[in-house]
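Observations on the three-dimensional arrangement
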2 protein chains.
Amino acid sequence: MRNIRLTIEYDGTNYEGWQLQTRKRAKTIQAAIERILKKVLREKIKLIASGRTDSGVHAKAQVANFRTNSKISLRKLQWALNCLLPSDIAIIKIEEASLDFHSCFDAKSKLYSYTILNRSFRSALMRDRVYFYPYSLNVGVMQKAARALLGKHDFSSFQASGRKAKSALRTVKKIKVLRSGCFIRIDIEADGFLYNMVRNIAGTLLEIGRGRLEVRDMKRILRSRNRQLAGPTLPAEGLMLIKVNY
Amino acid sequence: MRNIRLTIEYDGTNYEGWQLQTRKRAKTIQAAIERILKKVLREKIKLIASGRTDSGVHAKAQVANFRTNSKISLRKLQWALNCLLPSDIAIIKIEEASLDFHSCFDAKSKLYSYTILNRSFRSALMRDRVYFYPYSLNVGVMQKAARALLGKHDFSSFQASGRKAKSALRTVKKIKVLRSGCFIRIDIEADGFLYNMVRNIAGTLLEIGRGRLEVRDMKRILRSRNRQLAGPTLPAEGLMLIKVNY
């Protein structure tokens, strides 16, 4: 028995996310990869990811693992997968993992990036990778407000309503708001994320950047544990899973 | 009467190029923009571009102009166009031009970029923007060979067979081959380009980079004026029109 670890890049635009629990026949990234693994390895394969990503969310380096009895070489397997997978999914790394490695439980932290295109006209080439916001944003106050989220907190205020985790305690290890030309990137590294947490934090930072909320409101919103007080959920296309740390 | 100049960004993936002379009802970028201009200005509009781009070729800043009797403000027109145009075409600049400005005849030079993804596995996120080449390439010899193309030459060797221009004399003002991580970018600025010229030069540089042709062959191929001796035409998706200089 082997445990194989994949690092996967994907464009989430045309998928209903990594995995859907509700519908069996949904077009998901997990299902697309499992189907090809079955074809190549001639075994039914159960793929475990570091976590799910939503419909339209991208990944530069999602990590997933699966067990197999196959003796195929890693090189050959990567080659076969990249030949057979749809062009919007690519296996960028493949490794032998210890038998007890679990992509989800063993993940120490994950880094997500949310990108806002901040200029007066939209982009044709970047349209599926950024959220277009044409009005003025003050990155300085966004960066200041973001600092309030550092550390271990109950992030209920930034959790999608109706998708409650057992505990909303998470530790944000790094959070940065950076402008580079007309792009504003919000990087968040945490030991785990609640459903829609990054997109809700990004939406709240946007409200602060445009002046509808103040820097000090971030602390108030965080403490309130009330989703109603935070900003809107920004669209999926701006979100990218950058890295999973083990 | 006014003459309006547009700077246009587009993702060429889903189009049959800027313009097709052969079929009236082709899905072209020019037709898409003319249709929306007609809707907004309530006049039939003839759009003139700096030059055509092929099916699948992208533009960061194509330039085109048209004449109109409309009194609409530039601001309003840009806003309306970006609202109504498909998401893979964006108007990134709009200016009043002198009545005699002609996007094609007045262009002094154009800058094209050809991008090769040079690593052992393909990319999901960049799939429509790069040509994927998984084998080793020597960028140093590509750069050396490229220098032979600088200046005024007859570029018949790099012209698509069956698409002969009256004269194949063109002046290459700059040519650079740069590696940045796993991307190799070939930048070519010239006063004009023959049909498929950049993609044929890129294909010839690739043959040199992989060792199937030598640095000195570039001069020989150029002098031969024989398309048969040059390398293959690389695929459209790696090509981007970066800038038009006036």
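Nothing here was measured: the structure is a model prediction, and the numbers come from that model.

On to the pattern of salt bridges. In total, this model carries 25 salt bridges over all chains according to the counting rule given. Of the charged contacts, one joins B:Asp54 and B:Arg199 as a salt bridge, the two residues approaching to 3.3 Å between their closest N and O atoms. You can see B:Asp54 sitting in the loop between β2 (48-49) and β3 (58-68) and its partner B:Arg199 sitting in helix α4 (residues 197-209), a full 145 residues away along the chain. Residue B:Glu207 is joined to B:Arg210 by a salt bridge in which the shortest nitrogen-to-oxygen separation is 3.0 Å. Of the residues examined, B:Arg210 reaches a relative accessible area of 37% and is grouped as partly exposed. Look at the salt bridges and you will find they share partners, linking A:Asp11, A:Arg129 and B:Arg127 into a network.

All right, on to the packing of helix α1 (residues 29-41) of chain B against helix α2 (residues 74-84) of chain B then. Residue and element names in this part refer to chain B. Where α1 meets α2, the axes come as close as 10 Å, and the angle between the chain directions of the two elements is 125°. Considered as vectors, α1 and α2 are oriented oblique to each other. As α1 packs across α2, the resulting crossing turns out to be right-handed. In contact with Ile 36, Leu 37, Val 40 and Leu 41 of α1, α2 contributes Leu 77, Ala 80, Leu 81 and Leu 84. Here the residues of the contact of α1 with α2 are counted per class, giving 8 nonpolar, no polar and no charged.

Let us look at the packing of helix α3 (residues 139-146) of chain B against α4(B). All names here are of chain B. It is the contact of α3 with α4, at a shortest axis distance of 8 Å, that shows an interaxial angle of 135°. Classified by the angle between their axes, α3 and α4 sit oblique to one another. In the packing of α3 onto α4, the handedness of the crossing is right-handed. From α3, Val 141, Met 142, Ala 145 and Ala 146 reach across to α4, where they touch Leu 205, Leu 206, Ile 208 and Gly 209. Of the residues contributing to the contact of α3 with α4, the split by class is 7 nonpolar, 1 polar and no charged.

When chain A is fitted to chain B, the residual RMSD is 0.0 Å, and the transformation amounts to a turn of 180° plus an axial shift of 0.0 Å. Taken together, the turn and the small shift mark the pair as related by a two-fold rotation axis. Nearest to the rotation axis, the C-alpha of A:Met126 is located 5.4 Å from it, this being the minimum over chain A. Taken as a fraction of all interface residues of chain A, those also at the interface in chain B reach 100%, which identifies the copy contact as same-surface.

The next subject is the domain arrangement of chain A. How big an interface is tends to be stated in terms of the accessible area lost upon association of its parts. All names here are of chain A. Partitioning chain A into structural domains gives domain 1 (2-97) and domain 2 (109-245). Placing a centre on the C-alpha atoms of domain 1 and another on those of domain 2 gives a separation of 27 Å. Listed per partner, the contact involves 16 residues of domain 1 and 16 residues of domain 2. Summed over both partners, the interface of domain 1 with domain 2 comes to about 1200 Å²; 52% of that surface belongs to carbon and sulfur atoms. If you look at where domain 1 meets domain 2, you find 9 residue pairs in polar contact (both at pLDDT 80 or more). Along the lines of polarity and charge, the residues of the side of domain 1 that touches domain 2 split into 4 nonpolar, 8 polar and 4 charged.

Let us now look at the pairing of strand β10 (residues 239-245) of chain B. All names here are of chain B. As defined by bridge partners, β3 adjoins β10 across 2 bridges and the pair is classed as parallel. Each residue of the ladder has a partner; that of His 58, found in β10, is Met 240. Of the pairings in the sheet, the one linking strand β5 (residues 109-117) to β10 comprises 6 bridges and is antiparallel in character. Directly across from Ser 113, in β10, lies its bridge partner Met 240.

Tallied over the full model, the rule gives 10 aromatic pairs over all chains. On the basis of an interplanar angle of 65° and a centroid distance of 5.1 Å, the ring pair of B:Phe101 and B:Tyr246 is categorised as edge-to-face. With B:Phe101 in the loop between β4 (89-97) and β5 and B:Tyr246 in the segment after β10, this pair connects stretches of sequence that are 145 residues apart. One residue, A:Lys27, lies across the ring of A:Tyr15, its end atom 4.5 Å from the ring centre.

What follows concerns the interface of chain A and chain B. Counting residues at the interface gives 28 residues for chain A, matched by 28 residues for chain B. Counting each side, the surface lost to burial between chain A and chain B is near 1900 Å², with a carbon and sulfur contribution of 48%. By the criterion of area lost to chain B, the three top residues of chain A are A:Arg122, A:Leu125 and A:Arg127, representing 39% of everything that side buries. For the pair chain A and chain B, the interface holds 4 salt bridges. Of the charged contacts in the structure, one is a salt bridge between A:Arg127 and B:Asp11, with a shortest N-O distance of 3.0 Å. Across the contact surface, chain A and chain B share 24 residue pairs in polar contact (both at pLDDT 80 or more).

Parameters and conventions
Per-chain numbering applies: the sequence of each chain, read as written, is numbered from 1 onward. All chains are assigned letters beginning at A, and all ligands numbers beginning at 1, according to the order in which they are written. Totals for whole chains, interfaces and linings use every residue, but because this is a predicted model, local features are given only for residues with pLDDT of at least 70 and side-chain atom pairs only at 80 or more, for both listing and counting. The side-chain quantities take in all heavy atoms of the structure and omit both hydrogens and water. By convention in these notes, a salt bridge is any Lys or Arg side-chain nitrogen within 4 Å of a carboxyl oxygen on Asp or Glu. Under the scheme used here, helices are H or I runs from DSSP no shorter than 4 residues and strands are E runs no shorter than 2 residues, and both carry numbers assigned from the N terminus. The buried label applies to any residue whose accessible area, calculated with a 1.4 Å probe on protein chains only, is under 20% of its type's maximum; exposed applies above 50%, and partly exposed to all values in between. With axes taken as lines fitted to C-alpha atoms, and helix axes fitted only over the stretch in contact, angles between N-to-C directions fall between 0 and 180 degrees. Here roughly perpendicular refers to angles of 65 to 115 degrees, roughly parallel to angles under 35, roughly antiparallel to angles over 145, and oblique to all remaining angles. Should the near helix be turned anticlockwise from the far one by less than a right angle, the crossing is termed left-handed; should it be turned clockwise, right-handed. The contact criterion used throughout is that any non-hydrogen atoms of two residues lie within 4.5 Å. When residues are grouped by polarity, Ala, Val, Leu, Ile, Met, Phe, Trp, Tyr, Cys and Pro land in nonpolar, Asp, Glu, Lys and Arg in charged, and all others, Gly among them, in polar. The copies were overlaid by least squares, fitting only the C-alpha atoms of residues that reach a pLDDT of 70 or more in each copy. Domain start and end points were adopted from an automatic or database domain assignment. Put simply, buried area is how much 1.4 Å-probe accessible surface two parts lose in total, over both of them, once they are put together. Any pair of nitrogen or oxygen atoms within 3.5 Å is treated as a polar contact; in protein, a donor-acceptor pairing is required on top of that, and neighbouring residues in sequence qualify only through side-chain atoms on both sides. Strands qualify as paired when DSSP identifies two bridges or more between them. For Phe, Tyr and Trp, rings pair up if their centres lie within 6.5 Å, where Trp contributes its six-membered ring, and each pair is then called stacked (planes under 30 degrees apart), edge-to-face (over 60) or tilted (otherwise). Placement of a positive charge over a ring is assigned whenever Lys NZ or Arg CZ falls within 6 Å of the ring centre and within 35 degrees of the normal to the ring plane.

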